[in-house]
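Fold and contact review
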Protein chains: 2
Amino acid sequence: MSKLCSDLRQAIVSAGLRDGMTVSFHHHLRNGDYVLNMVLQEAAQLGIRDLTVNASSLFDCHQPLIDHIRNGVVTGLITDYVSAGIGRAISGGILKKPVTFLTHGTRPSNILNGNHHIDIAFLAAPTSDCEGNCSGKYGPSACGSLGYAFADAQRADRVVIISDNLVEYPLPDPSITEDLVDFVVKVEAIGNPAGIVSGTTQMPKDPIALKIADYAAQAIHASGLVKDGFSFQTGAGGASLAVADHIKRIMLRENIHGSYALGGITGYMVDMLESGCFQAIQDVQCFDLEAVRSIRENPKHIEITAAQYASPTARSTAASHLDVVVLGATQIDTDFNINVHTDSNNLIMGGSGGHTDVAAEAKLTVIVAPLSRARMSIVVDRVFTVSTPGSDVDLLVTQYGIAVNPRRPELKAALESARLPVADIQALQRLAVSLNGPAKPFQPPKDHVVAQVFGRNNQVQDLIYGI
Amino acid sequence: MSKLCSDLRQAIVSAGLRDGMTVSFHHHLRNGDYVLNMVLQEAAQLGIRDLTVNASSLFDCHQPLIDHIRNGVVTGLITDYVSAGIGRAISGGILKKPVTFLTHGTRPSNILNGNHHIDIAFLAAPTSDCEGNCSGKYGPSACGSLGYAFADAQRADRVVIISDNLVEYPLPDPSITEDLVDFVVKVEAIGNPAGIVSGTTQMPKDPIALKIADYAAQAIHASGLVKDGFSFQTGAGGASLAVADHIKRIMLRENIHGSYALGGITGYMVDMLESGCFQAIQDVQCFDLEAVRSIRENPKHIEITAAQYASPTARSTAASHLDVVVLGATQIDTDFNINVHTDSNNLIMGGSGGHTDVAAEAKLTVIVAPLSRARMSIVVDRVFTVSTPGSDVDLLVTQYGIAVNPRRPELKAALESARLPVADIQALQRLAVSLNGPAKPFQPPKDHVVAQVFGRNNQVQDLIYGI
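**Brief notes about helix α11 (residues 289–297) of chain A**
Ala291(A), Val292(A), Ser294(A) and Ile295(A) are the residues of α11(A) that are buried. Looking down the long axis of α11(A), one finds its buried residues gathered within 165° of arc, a one-sided arrangement.

**Considerations on the environment of Leu46(B)**
Residue and element names in this part refer to chain B. Note on placement: Leu 46 falls in the loop between α2 (35–45) and β3 (51–55). Along the backbone, Leu 46 and Leu 17 are 29 residues apart, and their C-alpha atoms lie at a distance of 9.5 Å. Ignoring sequence-local partners within four residues, the contact set of Leu 46 consists of Arg 9, Ile 12 and Val 13.

**Observations regarding the relation of the copies chain A and chain B**
When chain A is fitted onto chain B, the two copies agree to an RMSD of 0.0 Å after a turn of 180° and an axial shift of 0.0 Å. Within this description, the copies of the chain are treated as partners about a two-fold rotation axis. The fraction of interface residues of chain A whose copies in chain B are also interface residues reaches 100%, indicating that both copies meet through the same surface.

**With respect to the interface of chain A and chain B**
Bring the parts together and some accessible area is lost; that lost area is often taken as the interface size. With 37 residues of chain A at the interface, the matching set in chain B holds 37 residues. Among the residues of chain A in contact with chain B, Tyr169(A), Asp179(A) and Arg315(A) are the three that bury the most area, contributing 27% of the side total. Seen at the junction of chain A and chain B, the total is 2 salt bridges. A salt bridge links Asp182(B) to Arg315(A); its shortest N-O distance comes to 3.4 Å. Applying the counting criterion to the chain A and chain B interface returns 24 residue pairs in polar contact (both at pLDDT 80 or more). Sorting the residues of the side of chain A that touches chain B by element identifies β9 (158–163), β13 (258–265), β14 (278–286) and α12 (306–310) of chain A as the ones contributing at least two each. Considering only residue class, the side of chain A that touches chain B consists of 16 nonpolar, 10 polar and 11 charged.

**Notes on the packing of aromatic side chains**
Taken as a whole, this structure holds 12 aromatic pairs over all chains when the rule is applied. Ring geometry for Phe25(B) versus Phe122(B): centroids 6.0 Å apart, planes at 20°, classification stacked. Taken together, the residues span a long stretch of sequence, with Phe25(B) in strand β2 (residues 22–25) and Phe122(B) in strand β6 (residues 120–125) at a distance of 97 residues. Pairing Phe59(B) with Tyr81(B) gives two aromatic rings, centres 5.8 Å apart and planes at 40°, and the pair type is tilted. Separated by 22 residues along the polypeptide, Phe59(B) in the loop between β3 and α3 (64–70) and Tyr81(B) in the loop between β4 (74–79) and α4 (84–91) bring together distant segments of the chain. The exposure class assigned to Phe59(B) is buried, which follows from its relative accessible area of 11%. On the basis of relative accessibility, which here comes to 27%, the residue Tyr81(B) falls in the partly exposed class. Pairwise contacts between aromatic rings join Phe230(A), Phe232(A) and Phe278(A) into one cluster.

**Describing the pairing of strand β3 (residues 51–55) of chain A**
Residue and element names in this part refer to chain A. Most of β3 sits out of view: 5 of its 5 residues are buried. Across the two faces of β3 the burial is the same, with Leu 51, Val 53 and Ala 55 and Thr 52 and Asn 54 all buried. Taken together, strand β2 (residues 22–25), helix α2 (residues 35–45) and β3 constitute a β-α-β crossover, and its handedness is right-handed. Pairing of β3 with strand β4 (residues 74–79) involves 5 bridges; the strand directions are parallel. Each residue of the ladder has a partner; that of Ala 55, found in β4, is Thr 79. Tracing the backbone out of β3, into helix α3 (residues 64–70) and back to the parallel element β4 gives a crossover that is right-handed.

Calculation rules
Residues numbered from 1 in each chain as written. Chains lettered and ligands numbered in written order. Predicted model: local features only at pLDDT ≥ 70, side-chain atom pairs only at ≥ 80, totals over all residues. Heavy atoms only, no water. Buried < 20%, exposed > 50% of the residue type's maximum accessible area, 1.4 Å probe, protein only. Helix = DSSP H or I, 4+ residues; strand = E, 2+ residues; numbered from the N terminus. Arc of directions from axis to C-beta. Contact = heavy atoms within 4.5 Å. Least-squares fit on C-alpha atoms with pLDDT ≥ 70 in both. Buried area = accessible area lost by both parts, 1.4 Å probe. Salt bridge = Lys/Arg side-chain N within 4 Å of Asp/Glu carboxyl O. Polar contact = N/O pair within 3.5 Å; in protein donor to acceptor, adjacent residues only side chain to side chain. Nonpolar A, V, L, I, M, F, W, Y, C, P; charged D, E, K, R; others polar. Phe/Tyr/Trp six-rings, centres within 6.5 Å; stacked < 30°, edge-to-face > 60°. Right-handed = clockwise from strand over helix to strand, strands pointing away. Pairing = 2+ DSSP bridges.

This is how it looks when you write it as structure tokens:
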């Protein structure tokens, strides 16, 4: 009658894993995750074939997946993000079926609505009791929020909790609860702490990033949105973090009491919470140890599920009240469409994550990027992949100037009033070409579809072709 | 786009209430609840008819419901408990369709599994933000846990949060979250605090109750279950509370570290937690102000959903790990079947609540009751209503002795070894008759079914006939 399995193999067998099933994983252990590899290795040894992996993201630590695909153990992938190591193999055509690319908002929506059925969810939990009440906030592999795991736990036919830190029943403050859990298994380690979260959040020193951040912060300020009740999301990348630093100074100087910070959370957002810039953090994922400490200790630092974060079919979400989001891009075209899925050779090296969701929802979506990378303009005639439609993007901020989406003339006027260096996006593109020389003409081949990119409306928004 | 409605009528109209729908309510405001009456009054004024009310419990404060039934506004009832004022009307035959009696465990099971569809859930929330992140822990009408409201929020087509305490978005520590909520409406008051929770928990002074409690505690001790890891549920009634007091002394004296207390929670259970008797409380419902304070302040006092509490279709529940539960009875028969639905005239005045669930799950189910009430034996040949089957009951403890279910000979031996006054249940029945004189023979008529009592297996377990 006990849920506690002697080892992972017993858990897999007890959960009834069979050929053709869909298994799911969350990515809160990021590039330190051991669990996806452990499960697929056992499945392979058990002779299981034809699995579909539904994983909220895939990192390079998951490269053993490539062999499982080659060997027919895994034949389908549904995910929101694929890092370059695995992405290159997918672009090379190792999968017969195209990858289904979702977003951090559409993934839980599809699971909760029953569109994407999960047979067995294998959920890494940094702390669990023997009945599966579990949390990411405690234990040697603590990752903070378990936001991306909730929908899987709520709807999978079978739920297996995999933990390296079993504690006495009942765990106080559980994120996922025992009523949803079929099996619990203790393993030596669920991940490598060094890969799970970074120790500290580093402010960039690169002068180009600092210049971009300065312009972005001024543009956000000029938009008029930084006032009492302000809500804000930014990423962990260098320029994004520097934007946050500027925004913090503005808020403290002008005595502005914001509402909440959102997103993947860094220590820098924690610092803004503790400085009184925000009354709360809504956290779907922690990026560093400071964020993990804060979500464990500070009741104003709230764990939210991926559905609460950004599901397009939820009644409302933290994203749907968002004022400003600062995001990156690998390519942006003159219609402001953003590519975060593929690189300049159209090899898969990313995915929407929450990019598409928050861009669609925020009042002001700011893209920060250097005008060129590796001597190639990031502004192009047409992005290889539409990850986020241009209609959801308001500003491109580069070190050479700020392009405003023509859909936002009042925003352009506000930036011009603030004497910010506003430029047409075509002018920025021409500048990049003049600085770098003309780009080698490269038109990706269009023979073999390796991925379908689904939009917020659950329709195919774009296709990614193999190389 | 705002969820915030100007008044309750607007919320009802926006939610699309129509003839024939099922509306749901929770009972955390107990006999102080204003919300069910408010909603039905507006529905009546809007000319809505033929509603089914799915309410986790109905109290005498809800007696306006009787008129709504008479007027055809409400034509169906699904509930776990009906207090005497409304019960008498139901037994009198005001409803054409029989009431569906569930338990606190089977109600969320049926809602979550889709067996009992809810069109609109009207959920009283002592504190909410404008998007419907809400909690029972804070505000002038604080009731503590919102355990019985979760399944409704998760599955109803429309969810309306009704609160008298709107706070800034986002509410930290929400129980029900915005992704599930369609509309929010602020009203003057959701309930009368005096009826929501009692101020303090009173230990009984009645010598019969104290005698019963003394025997019950000794029997529980003799069972061998009171040891490290012990888990315990008891009610708020006099004898139950006195049992807890004895158990506390035993645990402190013998330095026993229990696991958790469960159930509707009183200040007395909080005292046991704070005294170190238990490492946690799992709380589906707070009975008094001390419990409300504790669940707000103490992380070891855990809010659980009704499904986590006792759903028979959950993967496991707090009830399924329970060692000992102390429960009451209005009738018990010589097969140990328990009636908590009807009185000695077979008038409805109660319901299973969680009685049937925890009796089915606990290792030891102890019924405490005086041998007679109003000069009638509580031990009868055959209970009018089987609320909890005798196969799930282990002990009847009265002031004249303890009857052990013959299915538990080893338990009987343990009690005899402890020199406890063990008696056959037939002997206790004969003693009651000799003390009170023979009961007036009363065989309830069986013409008109007024309620169907469903068991844990979701099958009809018994029928209640009208008077």
